[in-house]
Amino acid sequence: MDETLFANVDTYLEQTLLPTDPVLAAVLKANIEAGLPAIDVSATQGALLRLFVRMAGARRILEIGTLGGYSSIWMARGLPEDGRLITLEFDPHHAEVARANLERAGLGGKVEVRVGRALDTLPVLAGEGGDPFDFIFIDADKTSNEAYLDWAVKLSRPGTVIICDNVIRDGAVLDGASTNPSVVGSRAALRFMGGAGLFASAVQTVGAKGYDGFAIAIVDGEPS
Ligand code: SAH
Ligand code: DHB
Ligand code: MG
C-alpha cells in the first residue's frame, strides 16, 4: 500500500475542497499541546460527516467518543440554528480540552460534553426521555461497539443514521480468529449492523489517517 500517496491525495483534497480553517487548525494544535493522541477523524472525513448530517437533515446528534471535539465541531457545523449535539467522553482531561475547543469554535451553546463511561452515561441519557436522535456517531473504545449500537438503536427512530468509525483497521477486521478486542468489537459491530432493523453498508477509506473505514446504517422501521 502506498500510504504516502494516499496521505498526499488527502492533503490535495483538503486543500482543494475545504476552505482554510484557522479554528480547526487551532483545535488540532490545542489537542497536541494538551497531550491528546492524534486519533481524531481527518479533515476530509470530518467534512464527510458534516455532509451526512446535512443529507440526513439532522437536528439532534449523539456522539460517543469526544476526544478534543474535532469531529464534534465538524458535525455541529452541519446542524441548523436550533440543532444540538451531545457528546460522551470518558476522560475528564479530554472533555476539558474539548469544551475549550468548542468555545473556540463558537459552539459552546450547541454542544454538550458529558463526562463518564458511555455505558454509564447512555442509560442516564435514555432515562431523560428526550426526543430520539437523528444522527449517531460511534467513535470510542471499539470493544463496546456492539453495546453502543444497541443503545444507539434504543435512542433512535426509523430513519436515524448510525455511523461507526474504525471498522477496517488496516484490514485486521478480516481476521475472525483475532483476539484483539478492537477487531472483535468491530466485527461484532458489523454483524449487528447487518442484522434485522438496520439497513447498512461500509466504506473503506484511505488517507491522512491510514487505511480504515466507516460503517453506516439507517434505522429501518420496527426495531428487531
Ligand atoms: N471522535 C473523536 C475521536 C475519538 S477518540 C474525533 O474524531 O475527533 C476516542 C475517544 O473515546 C477518546 O477520547 C477516549 O477517551 C474515549 N473513550 C474511550 N473509552 C470510552 C468510554 N468507555 N466511554 C466514553 N468515551 C470513551
Ligand atoms: C484509535 C481510535 C480511533 O477512534 C481512531 O479513529 C483511530 C485510532 C485507537 O484507539 O487507536
Ligand atoms: Mg475514530
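As shown above, the structure is provided for reference.
If you're wondering where the values come from, they're calculated on a predicted model, not measured in any experiment.

**Details of the site of ligand 1**
- In the vicinity of ligand 1 lie 21 residues, with Val41, Ser71, Glu89, His94 and Asp139 positioned nearest.
- Glu89 is positioned such that a nitrogen or oxygen atom in its side chain is 2.6 Å from an oxygen atom of ligand 1.
- Here a nitrogen atom of ligand 1 sits 3.4 Å away from a polar atom, N or O, in the side chain of Asp141.
- Against a free-state accessible area of 580 Å², the protein chains account for coverage of 89% of ligand 1.
- Its atoms largely coinciding with the cavity grid, ligand 1 occupies the largest pocket.
- Among the elements of the structure, α4 (70-76) and β2 (84-89) are those that each provide at least two residues to the shell around ligand 1.
- Among the residues making up the shell around ligand 1, the classes are represented as nine nonpolar, five polar and seven charged.

**Structural notes on the coordination of the magnesium ion (ligand 3)**
- Coordination of the magnesium ion (ligand 3) by the protein comes from Asp139 (OD), Asp165 (OD) and Asn166 (OD1), over a distance range of 2.0 to 2.2 Å.
- Ordering the donors of the magnesium ion (ligand 3) by residue number gives the pattern D-x25-D-N. With Asp139 in the loop between β4 (135-138) and α7 (145-154) and Asn166 in the loop between β5 (161-165) and α8 (181-193), the pair connects residues that are 27 residues apart, well separated along the chain. Each member of the pair, Asp139 as well as Asn166, carries the same accessibility label: buried.

**A few points about the site of ligand 2**
- Taken together, the residues surrounding ligand 2 are Ile39, Asp139, Lys142, Asp165, Asn166 and Arg169.
- Measuring from an oxygen atom of ligand 2, one finds a backbone N or O atom of Ile39 at 3.2 Å.
- Taking Lys142, its side chain carries an N or O atom lying 3.0 Å from an oxygen atom of ligand 2.
- Here ligand 2 is seated within the largest pocket.
- Residue composition of the shell around ligand 2, grouped by class: one nonpolar, one polar and four charged.

**Quick word on the nonpolar core**
- Ranked by internal contacts, the top residues of the largest apolar core, which has 28 residues, are Ile61, Met75, Phe135 and Ile163.
- Contributions of two or more residues to this core are made by α2 (22-33), α3 (43-56), α4, α5 (92-104), β3 (111-115), β4 and β5.
- When residues no more than four places from it in sequence are discounted, the contact partners of Ile61 are Val53, Met75, Leu79, Arg84, Leu85, Ile86, Phe133 and Phe135.
- Residues Leu62, Leu122, Ile136 and Ile162 belong to the second largest nonpolar core, which totals 27 residues.

**Structural notes on the sheet that holds strand β6 (residues 198-205)**
- In spatial order, the strands read β3-β2-β1-β4-β5-β7-β6; together these seven strands make up an open sheet with mixed pairing. Across the chains shown, the open sheet's two edge strands, defined by having one partner strand only, are β3 and β6. Averaged over neighbouring strand pairs, the angle between their axes works out to 15 degrees when direction is ignored.
- Pairing of strand β1 (residues 60-64) with β4 involves four bridges; the strand directions are parallel. Residue pairing in the sheet places Ile61 in a bridge with Phe135 of β4.
- On top of the sheet, α7 reaches β1, β4, β5 and β6; it is set at about 170 degrees to β4, its chief contact.

What counts and what doesn't
- Residues numbered from 1 in each chain as written.
- Chains lettered and ligands numbered in written order.
- Predicted model: local features only at pLDDT ≥ 70, side-chain atom pairs only at ≥ 80, totals over all residues.
- Heavy atoms only, no water.
- Near = heavy atom within 4 Å.
- Polar contact = N/O pair within 3.5 Å; in protein donor to acceptor, adjacent residues only side chain to side chain.
- Areas by Shrake-Rupley, 256 points an atom, 1.4 Å probe, with all protein chains shown as cover.
- 1 Å grid on protein atoms, 1.4 Å probe; cavity = no way out; pocket = protein on both sides within 12 Å on 5 of 7 lines; lining within 4 Å.
- Sits in = over half its atoms within 2 Å of the grid points.
- Helix = DSSP H or I, 4+ residues; strand = E, 2+ residues; numbered from the N terminus.
- Nonpolar A, V, L, I, M, F, W, Y, C, P; charged D, E, K, R; others polar.
- Donors = N, O, S within 2.8 Å, 3.2 Å for Na, K, Ca; no water.
- Buried < 20%, exposed > 50% of the residue type's maximum accessible area, 1.4 Å probe, protein only.
- Core = buried A, V, L, I, M, F, W, Y, C linked by side-chain atoms within 4.5 Å.
- Contact = heavy atoms within 4.5 Å.
- Pairing = 2+ DSSP bridges.
- Axes fitted to C-alpha atoms, helices over the stretch in contact; angles between N-to-C directions.

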